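In case you want the letters, here they are:
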Amino acid sequence: MATVRTSIHGYWSSRFAFVLAASGSAIGLGNIWKFPYMAGENGGGAFVLLYLVCVALFGVPVMMAEILLGRRGRSSPMNTMRVLAAEEKCSSSWNLLGLMGVLAGFLILSYYSVIAGWALDYVVEIGSGSFVNVTRDEAGEVFTNLISSPRRLLFWHTLFMVLTMVVVARGVSKGLEIAVRLLMPALLFLVLVMIAYAMVKGDFYAGLKFLFTPDFSKLSPGVVLKAMGQAFFSLSLGMGAIMMYGSYLPRDASIATTSFQVAIVDTVVAVLAGLAIFPIVFANGLEAGQGPGLIFNTLPLAFGQMMGGVFFGAIFFVLLVFAAWTSAISLIEPAVAWLIEKFSISRLWSSLICGGIAWVIGLGTVFSFNNWKRIELFNDTFLAGKSFFDLLEYTTSNIMLPLGGVLICIFAAWFMREPSRRDELQIVNEGAYHVWRFLARYITPLGVILIFLHAIGILEKLHIT
Ligand code: PFF
C-alpha cells in the first residue's frame with residue numbers, strides 16, 4: 001500500500017543527511033549539561049544503568065515509530081497525526097498528540113534557550129581569561145553572578161532565540177547539515193581532550209566508580225522516572241521533533257538502521273561527557289549533586305588550569321552553543337511547519353511568531369534563578385520550593401515526552417494496519433521486525449506506564465512492589 005504523499009517543506013539530500021540532522025537534534029545540552037547533573041543528583045551508576053536500559057527498551061522503538069509515522073504523513077506532526085488517523089480509520093482525537101508535542105516544544109525551548117545563553121556567556125567569560133588559575137570558590141562566584149543577573153540572562157536568552165529563528169526561517173535543511181557534519185565531531189574531539197585532562201589531573205578512578213558502579217540503595221521511583229525522562233529528552237523523542245525530521249526522509253532509507261545510529265551516537269556523547277566531568281568534580285572537592293550549575297562550575301576550573309585553556313575553553317563553549325542550536329531548531333520546527341501548513345503564512349512570519357512565544361515563556365526561567373527562585377503560590381503543596389524552571393523541566397521531560405512517546409508507539413504498533421506499517425518500514429529482516437513490534441506494542445507502553453504509576457505511588461499503595 002504505497003503512499004504518494006510529498007512534503008511541502010523539502011527533503012534531506014540523503015539518509016546520511018537525516019542521520020546528521022537527527023543526531024544534531026539529539027546531541028545538545030541534554031548530553032553535556034543535563035546528563036551529568038542528573039547522574040550527579042541521582043546517585044551516579046544506578047541512574048546511568050537505568051538510563052541505558054531506557055534508551056534500549058523505550059528509546060529505539062519510539063524513535064523508529066516516530067520516523068515511521070513522520071515519513072508516512074510527510075507533514076508537521078499535527079497534520080501527520082490527522083492524516084494518518086483518517087487513513088487508518090481511527091478517531092480524529094489522535095491529532096491532540098501532535099498538539100501536545102507542539103506545546104512541549106514551546107515549553108522546552110523556552111528554558112533551553114536560557115541555558116544555552118549561559119553557554120554563550122561562558123564563551124566570553126572563559127575567552128577573556130576570567131578563569132585562569134582561579135580557585136573553586138572564585139569559579140563558583142562567576143556562575144552565581146551570572147544567574148543572579150536577570151539582565152544578563154535576558155540578553156543571552158534573546159540572542160540565542162534570535163539565532164535559532166534565523167535558521168528556522170531559512171528552512172531547516174540549509175546550513176544544518178554542514179553545521180552538524182563539521183561541528184559535532186569537533187565537539188566530540190574536545191570532550192575527548194577533556195577526558196584526557198581528567199585522566200591526568202582529575203580523580204579519574206573516582207569518576208569511573210561513580211558513573212559505573214550502580215548503588216541500588218540510591219534508587220527510588222522518582223529516580224527511575226527521571227532516568228526515563230532523560231532518555232526521552234536526550235533522544236529528542238515524544239514531541240514530534242524526530243517525526244518532523246522523518247517527514248523529510250527519502251523513502252529508500254532504512255528506519256531501523258538510522259534509529260540505532262542516532263541512539264548510539266547520542267548515548268556515547270552523554271557518557272563521555274560524564275567521564276570528562278566527574279573526575280574533575282572529585283579532584284576539586286565539588287558537589288556532584290549540585291544541580292544545573294554542575295558543568296559551569298566544573299569545566300572552567302579545568303580550562304583555567306590547563307595549557308591553552310583560554311582558547312580550548314572558549315571553543316568548547318562555542319561548540320556547545322552550536323550543539324544546543326541544532327537541537328533548538330528541532331524543538332520549534334514542528335510548530336513552525338504546522339503554522340505554515342494551517343494558515344499558509346510565510347516561514348519567516350511563522351518563525352517570528354513561534355520564537356516570540358517561546359521567548360516570552362522563557363522569561364519565567366530567566367527569573368527562576370534570581371527574583372522568583374521559588375514560586376510562593378505553591379508553598380502549601382508538594383511543589384513547595386520549586387521554581388518555574390524546575391516545574392517546566394520536570395513536567396516536560398518526565399511526563400509530557402514519555403507520554404507522547406507511548407502514544408506514538410501505540411498508534412504505530414496497534415492502530416496502524418499491518419500492511420501500512422510493513423510498507424513504510426520496508427522490512428528486510430522478519431525477526432527484527434517482530435522484536436520491534438513486540439517492544440513497541442507491549443514493553444514500551446507497559447514499561448512507561450508502570451514507571452508513572454510507581455512514581456505516583458499507586459503501585460506501592462496497592463502493595464504490588
Ligand atoms: N535532545 C536535545 C538535547 O539532548 O539537548 C533536547 C531536545 C531536542 C529534546 C528536541 C526534545 C526535542 F524534541
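Residues numbered from 1 in each chain as written. Predicted model: local features only at pLDDT ≥ 70, side-chain atom pairs only at ≥ 80, totals over all residues. Heavy atoms only, no water.

Caption draft 1: Seen up close, the site of the ligand. Near the ligand there are 15 residues, and of these Ala-26, Gly-30, Tyr-112, Phe-233 and Met-239 occur at the shortest range. Take Gly-30: an N or O atom from its main chain is 2.7 Å from an oxygen atom of the ligand. Asn-31 places a polar side-chain atom, nitrogen or oxygen, 3.4 Å from an oxygen atom of the ligand. Look at the ligand: alone it shows 340 Å² of surface, and the protein chains cover 100% of it. More than half of the atoms belonging to the ligand lie within 2 Å of the grid points that define the largest cavity. At the level of elements, helix H1 (15-26), helix H2 (29-41), helix H10 (221-234) and helix H14 (309-343) are the ones that each hand at least two residues to the shell around the ligand. Partitioning the shell around the ligand into residue classes produces 7 nonpolar, 8 polar and no charged. (Near = heavy atom within 4 Å. Polar contact = N/O pair within 3.5 Å; in protein donor to acceptor, adjacent residues only side chain to side chain. Areas by Shrake-Rupley, 256 points an atom, 1.4 Å probe, with all protein chains shown as cover. 1 Å grid on protein atoms, 1.4 Å probe; cavity = no way out; pocket = protein on both sides within 12 Å on 5 of 7 lines; lining within 4 Å. Sits in = over half its atoms within 2 Å of the grid points. Helix = DSSP H or I, 4+ residues; strand = E, 2+ residues; numbered from the N terminus. Nonpolar A, V, L, I, M, F, W, Y, C, P; charged D, E, K, R; others polar.)

Caption draft 2: Representation of the packing of aromatic side chains in the model. As enumerated under the stated definition, the model contains 30 aromatic pairs in all. Ring centres 6.5 Å apart and planes at 50 degrees place the aromatic pair Trp-33 and Phe-389 in the tilted group. With Trp-33 in helix H2 and Phe-389 in helix H16 (residues 388-415), the pair connects residues that are 356 residues apart, well separated along the chain. Here Trp-33 falls in the buried class, since its relative accessible area comes to 0%. Centre to centre, the rings of Phe-210 and Phe-278 are 4.8 Å apart; their planes meet at 45 degrees, and the pair counts as tilted. Taken together, the residues Phe-210 in helix H9 (residues 204-212) and Phe-278 in helix H12 (residues 255-283) connect sequence positions 68 residues apart. Take Phe-278: its relative accessible area is 0%, and that puts it in the buried class. Over the face of the ring belonging to Phe-233 we find Lys-34, whose NZ or CZ atom lies 4.1 Å from the ring centre. (Phe/Tyr/Trp six-rings, centres within 6.5 Å; stacked < 30°, edge-to-face > 60°. Buried < 20%, exposed > 50% of the residue type's maximum accessible area, 1.4 Å probe, protein only. Lys NZ or Arg CZ within 6 Å of the ring centre and 35° of its normal.)

Caption draft 3: Representation of the pattern of salt bridges within the structure. Going through the model one piece at a time under the given rule, you end up with 18 salt bridges. As a salt-bridge pair, Lys-34 and Glu-393 come within 2.7 Å of each other at their nearest N and O atoms. With Lys-34 in helix H2 and Glu-393 in helix H16, this residue pair connects regions lying 359 residues apart in the sequence. The exposure class of Lys-34 is buried, given its relative accessible area of 1%. Accessibility expressed as a relative area gives 10% for Glu-393, which makes it buried. For Arg-72, the salt bridge goes to Asp-423, with nearest N and O atoms at 3.0 Å. In this pair, Arg-72 is assigned in helix H3 (residues 45-73) and Asp-423 in helix H17 (residues 418-425), connecting sequence segments 351 residues apart. (Salt bridge = Lys/Arg side-chain N within 4 Å of Asp/Glu carboxyl O.)

Caption draft 4: Representation of H2. An ideal rise of 1.5 Å per residue puts 18 Å on 13 residues; H2 measures up with 17 Å between its terminal C-alpha atoms. At Phe-35, H2 shows its strongest bend, of approximately 35 degrees, with the proline Pro-36 following within four residues. Burial runs high along H2: 12 of the 13 residues are buried. The complete set of buried residues in H2 reads Leu-29, Gly-30, Asn-31, Ile-32, Trp-33, Lys-34, Phe-35, Pro-36, Tyr-37, Met-38, Ala-39 and Gly-40. Positive phi shows up at Gly-43, right after H2, with a value of about 90 degrees. (Expected span 1.5 Å × (residues − 1). Bend = angle between axes of the 7 residues up to and from the residue.)

Caption draft 5: Broad picture of the environment of Leu-301. Positionally, Leu-301 belongs in helix H13 (residues 294-305). Expressed as a C-alpha distance, the spacing of Leu-301 and Gly-313, which sit 12 residues apart in the sequence, is 9.9 Å. Leu-301 has contacts with Val-134, Thr-135, Arg-136, Ala-139, Asn-284 and Leu-286, leaving out every residue within four places of it along the chain. (Contact = heavy atoms within 4.5 Å.)

Caption draft 6: Representation of the environment of Met-78 within the structure. Mapped onto the secondary structure, Met-78 falls in helix H4 (residues 77-87). With 20 residues separating them in the primary sequence, Met-78 and Gly-98 have C-alpha atoms 4.0 Å apart. Among residues more than four places away in sequence, those in contact with Met-78 are Asn-95, Gly-98, Leu-99, Val-102 and Trp-338.

Caption draft 7: Representation of the packing of H10 against helix H18 (residues 430-455) within the structure. Two elements in contact, H10 and H18, have axes whose closest approach is 8 Å; the angle formed by their N-to-C orientations is 140 degrees. Here H10 is positioned oblique relative to H18, judged by the angle of their axes. Crossing of H10 over H18 shows left-handed handedness. Where H10 approaches H18, its residues Pro-221, Val-224, Leu-225, Met-228 and Phe-232 are matched on the opposing element by Val-448, Ile-451, Phe-452, His-454 and Ala-455. Looking at the contact of H10 with H18 residue by residue, the class counts come to 9 nonpolar, 1 polar and no charged. (Axes fitted to C-alpha atoms, helices over the stretch in contact; angles between N-to-C directions. Parallel < 35°, antiparallel > 145°, perpendicular 65-115°, else oblique. Left-handed = near helix turned anticlockwise from the far one by under 90°.)

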